[in-house]
Amino acid sequence: MDNAEVGIVNCQPDIYDDAVVFITGATGFVGKTLLEKLLWSFPRIKRIYMLIRPKGGVTVQERFRGFLQNPIFERLTAEHPERLKKIFYFSGNIEDDNFGLNESDRAVLCAEVNIIFHSAATVRFNECLKVSARVNSQATFNLLELCREMAQLRSFLYVSTAYCNPGRKYVDEQVYPTMPPVDWRQFLACTQKIPDDYLNRLADYIKGPHVNTYTFTKSIAEQIVNAYRHVIPIVIVRPSIVTAAYREPYPGWIDNIQAISGIMMEIGKGGISSILGDKNLICDIIPVDFVVNAMIMMVSKAQLGSLSICNATSGVTNPITWQRLGELTMKWSRIYPTMRMIMFPNFKYRCSSMKHEVAVWVLHFVPALLMDLRTLLLAQKKRLVTPIAKKFRQACLAGSFFSLNEWIFKNKSRFYFKELINNGTYPTLYWNLEELDYDDYVRRHMIGINKYLHREKFTVDANKFMVTRIYWFWIFLHLLFYMMLVLFIF
């Protein structure tokens, strides 16, 4: 670390003291974990603002009350319930002009906010370009324009993705030109003027090496953020594949099925028999608490005129292959089985699209159809398996680009983090990725899936009889299949 970086560490140790923080995407997985960690570890924070919109007929007030009842706040409720009173909300929508804020709320934000964490995004890989551009790119521009009016603003942190440069094998902590070259101003203008259907049809022609609208619009957003580095103190954090918490707020904490966590959940249920991917490549996963710690520490690195970037990734520091992750997922899902298990957890990676499709139909859809037929014949009140199977097949295909390719994300920011932690600036944070034991971590992850996603009461011996019964049924089906195959051939 050079002297300039050391100076930043020493001159801003109290950046969160009496600070007013604004978090976009606070109801999301990363944003929620960040909010809880700030309240837990920085009691001298003055106030945290968040943006909430009405949803599904539920009012903003009702959503906020429900938000405070989320299990993530259990330790705060038990030990420091007064800190939850520091959370305030504004009624608004990140997609609307001026975020749907009324004049008084807008004035409060501009007058008070010191630190902004912009984590709101649509992470759907198959999202139409119009929506993805509005949420990921246009909203970022709108927020940066609003920041011009914030006289007390000290730091703006943008949450990007490590995969916003898919055309590059080696990704350093810098902003790269978009591929193909796209002027962000013209892009935003086009999204405003071109009809939705036509713009969505143009997506495949302008995305270049991006296989989905998510990484493409995130790349555009980075260009926008970079253009404001001389106006606002800005930093960027690029997480790779965000997974369940390693330690905080609770080991295995997870509350969504986005990305790989949903795939791990379905593997544990026995609903996935084949994944299109190269088992020997690095799977760059990062626990959500490491991402949050990186975000908290990067804030103090914001300086006007420069743009600091952190690749919050594990591949260089402590790599794990897709094969190893799959083996550990099957191991711990068998040891701690879910009550929702429909088949014995077992799958293989396949690089061939044709072999993968055959395996999906033989090992995935045929059993699902038979199970649904049994459910219908017995008039059981169960969810049909086939629609769920189709949904996760699409999710696996959408993520196949990441499991068939590999990137090297350079992460020099880890040295900055260790300096901050070792000199006592952030004693409650950690960045010991090199010490992460993946066997123990995946164990926590699978227990977390059962506890927080399946809402099952966890005991060590839970469901052992069920998994044994399913195992022998699985063996029987395999024997029956091979017997029929022999009879058919001979």
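Under the annotation held in an unreviewed UniProt entry, the protein chain carries the name Fatty acyl-CoA reductase and is attributed to Drosophila kikkawai. UniProt, in the comment section headed Catalytic activity (unreviewed entry), describes the protein chain in these words: "a long-chain fatty acyl-CoA + 2 NADPH + 2 H(+) = a long-chain primary fatty alcohol + 2 NADP(+) + CoA". As its UniProt record puts it under Function (unreviewed entry), the protein chain is described as follows: "Catalyzes the reduction of fatty acyl-CoA to fatty alcohols."

Undergrad: How should I be thinking about the overall build of the protein chain in this particular structure?
TA: A tally of helices and strands in the protein chain yields 18 helices and 13 strands. Taken across its 490 residues, the protein chain has 55% of its residues classed as buried. Pairs at least 24 residues apart make up 84% of the contacts formed inside the protein chain by residues separated by at least 6 positions. Summed over all atoms, the accessible surface of the protein chain reaches about 22,400 Å², with 56% contributed by carbon and sulfur.

Undergrad: When you look at empty space enclosed by the protein in this model, what are you seeing that I'm missing?
TA: Empty space among the atoms can be located by rolling a probe the size of a water molecule over them. Enumeration over the complete set of coordinates arrives at seven cavities of 30 Å³ or more. Its volume calculated, the second largest cavity comes out at about 80 Å³. Along the walls of the second largest cavity sit Tyr163, Ile241, Ile282, Cys283, Asp284, Trp322, Phe402, Asn405, Glu406, Trp407 and Phe409, which together make up its complete lining.

Undergrad: For this particular structure, what's the right way to read the confidence of the model for the protein chain?
TA: Parts of the prediction with low pLDDT should not have their coordinates interpreted in detail. Of the residues in the protein chain, 87% reach a pLDDT of 70 or more, and the chain-wide mean stands at 87. Segment residues 1–13: pLDDT under 50, and 17 contacts once partners within four positions in sequence are set aside and those in other chains are kept.

Undergrad: What exactly am I supposed to notice about unusual backbone geometry here?
TA: Comment: phi is negative for the bulk of residues other than glycine, and the bulk of peptide bonds are trans. With omega at 0 degrees, the peptide bond leading from Glu248 into Pro249 counts as cis. The residue Pro249 is located in the loop between strand 8 (241–243) and helix 10 (259–269) in this model. One non-glycine residue with positive phi stands out, namely Asp18, at about 60 degrees. Structurally, Asp18 can be placed in the loop between helix 1 (3–11) and strand 1 (20–24). Phi angles above zero are rare outside glycine, and Asn98 is one such case at about 55 degrees.

Undergrad: Can you walk me through the environment of Pro345 in this structure?
TA: When you line up the elements, Pro345 lands in the loop between helix 12 (322–335) and strand 12 (348–350). By relative accessible area, which is 0% here, Pro345 ends up buried. Separated by 12 residues in sequence, Pro345 and Ser333 place their C-alpha atoms 7.0 Å apart. Apart from the residues within four sequence positions on either side, Pro345 is in contact with Ile267, Gly268, Gly270, Met330, Ser333 and Arg334.

Undergrad: Please explain the packing of helix 11 (residues 288–298) against helix 16 (residues 413–422) as it appears in this structure.
TA: Two quantities define a packed helix pair, namely the angle between the axes and the distance from one axis to the other. As a packed pair, helix 11 and helix 16 sit with axes 11 Å apart at the nearest point and diverge in direction by 75 degrees. Our classification of the angle between helix 11 and helix 16 gives roughly perpendicular. Residues Ala294, Met297 and Met298 of helix 11 lie in contact with helix 16, whose contacting residues are Ser413, Tyr416, Phe417, Leu420 and Ile421. Class assignment of the residues belonging to the contact of helix 11 with helix 16 gives a composition of seven nonpolar, one polar and no charged.

Undergrad: Hey, could you run me through a nonpolar patch on the surface in this one?
TA: Judged by side-chain polarity, Met354, Val358, Trp361, Val362 and Leu363 come together as a nonpolar surface patch covering roughly 510 Å² of accessible area. Looking at where Met354 falls in the secondary structure, it is placed in helix 13 (residues 353–377). By relative accessible area, Met354 is classed as exposed at 65%.

Undergrad: Would you explain the pairing of strand 11 (residues 307–312) in this entry?
TA: Residues in a regular strand project their side chains so that they alternate between the two faces of the sheet. Counting buried positions along strand 11 gives six out of six residues, so the element sits mostly inside the fold. In strand 11, alternate side chains face the same way, and those of Leu307, Ile309 and Asn311 on one face and Ser308, Cys310 and Ala312 on the other are all buried. Sheet analysis places strand 7 (residues 234–239) next to strand 11, joined by six bridges and oriented parallel. The residue bridging Ile234 from the neighbouring strand is Leu307, located in strand 11.

Undergrad: Even after reading the chapter, I still don't get the packing of aromatic side chains, so can you show me in this structure?
TA: Aromatic rings in a pair are described by how distant their centres are and how their planes are angled relative to each other. Across all of its chains, the model carries 29 aromatic pairs by this definition. For the ring pair Tyr163 and Phe409, a centre distance of 5.3 Å and an interplane angle of 90 degrees mean the geometry is edge-to-face. Taken together, the residues Tyr163 in the loop between strand 5 (155–159) and strand 6 (170–171) and Phe409 in strand 13 (residues 408–409) connect sequence positions 246 residues apart. We classify Phe409 as buried; its relative accessible area is 2%.

Undergrad: I'm lost on the pattern of salt bridges in this one. Help?
TA: Two side chains bearing opposite charge may form a pair once their charged atoms approach each other closely. Enumeration according to the criterion identifies 19 salt bridges in this entry. The closest approach of N and O atoms between Glu406 and Lys169, which form a salt bridge, is 3.6 Å. With Glu406 in the loop between helix 15 (400–403) and strand 13 and Lys169 in the loop between strand 5 and strand 6, this residue pair connects regions lying 237 residues apart in the sequence. A salt bridge links Arg444 to Asp440; its shortest N-O distance comes to 2.8 Å. With Arg444 and Asp440 both in helix 17 (residues 438–453) and four residues apart, this pair spans about one turn of that helix.

Undergrad: In this structure, what is going on with the packing of helix 12 against helix 17? I would like to understand it.
TA: The N-to-C vectors of helix 12 and helix 17 enclose an angle of 50 degrees; their axes lie 9 Å apart at closest approach. On the basis of their axis angle, the class for helix 12 and helix 17 is oblique. Every pair of crossing elements has a handedness; the one defined by helix 12 and helix 17 is right-handed. Where helix 12 approaches helix 17, its residues Arg324, Leu325, Leu328, Thr329, Lys331, Trp332 and Ser333 are matched on the opposing element by Tyr438, Asp439, Val442, Arg443 and Met446. Grouping the amino acids of the contact of helix 12 with helix 17 by side-chain chemistry returns six nonpolar, two polar and four charged.

Undergrad: Just checking my understanding: could you explain the environment of Asn423 for this structure?
TA: Position of Asn423 among the secondary structure elements: in the loop between helix 16 and helix 17. There is a polar contact of 2.6 Å between the side chain of Asn423 and the side chain of Thr425.

Undergrad: Which parts of the structure should I look at to understand helix 12?
TA: Structural remark: α-helix, 3.6 residues per turn; residues separated by three or four positions point the same way. An ideal rise of 1.5 Å per residue puts 20 Å on 14 residues; helix 12 measures up with 20 Å between its terminal C-alpha atoms. For helix 12, every residue scored as buried is listed here: Trp322, Leu325, Gly326, Leu328, Thr329, Met330, Trp332 and Ser333. In this structure, the buried residues of helix 12 make contact with strand 8, helix 10, strand 10 (285–287), strand 12, helix 15 and helix 17.

The rules behind each value
- Residues numbered from 1 in each chain as written.
- Predicted model: local features only at pLDDT ≥ 70, side-chain atom pairs only at ≥ 80, totals over all residues.
- Heavy atoms only, no water.
- UniProt positions renumbered as here; feature names shortened; annotations may be inferred.
- Helix = DSSP H or I, 4+ residues; strand = E, 2+ residues; numbered from the N terminus.
- Buried < 20%, exposed > 50% of the residue type's maximum accessible area, 1.4 Å probe, protein only.
- Contact = heavy atoms within 4.5 Å.
- Areas by Shrake-Rupley, 256 points an atom, 1.4 Å probe, with all protein chains shown as cover.
- 1 Å grid on protein atoms, 1.4 Å probe; cavity = no way out; pocket = protein on both sides within 12 Å on 5 of 7 lines; lining within 4 Å.
- Points joined across faces, edges and corners; volume = space filled by probe spheres on them.
- pLDDT = per-residue confidence, 0-100.
- Axes fitted to C-alpha atoms, helices over the stretch in contact; angles between N-to-C directions.
- Parallel < 35°, antiparallel > 145°, perpendicular 65-115°, else oblique.
- Nonpolar A, V, L, I, M, F, W, Y, C, P; charged D, E, K, R; others polar.
- Patch = residues over 30% accessible without salt bridge, like charges linked within 9 Å, V, L, I, M, F, W, Y side chains within 5 Å.
- Salt bridge = Lys/Arg side-chain N within 4 Å of Asp/Glu carboxyl O.
- Pairing = 2+ DSSP bridges.
- Phe/Tyr/Trp six-rings, centres within 6.5 Å; stacked < 30°, edge-to-face > 60°.
- Left-handed = near helix turned anticlockwise from the far one by under 90°.
- Polar contact = N/O pair within 3.5 Å; in protein donor to acceptor, adjacent residues only side chain to side chain.
- Expected span 1.5 Å × (residues − 1).

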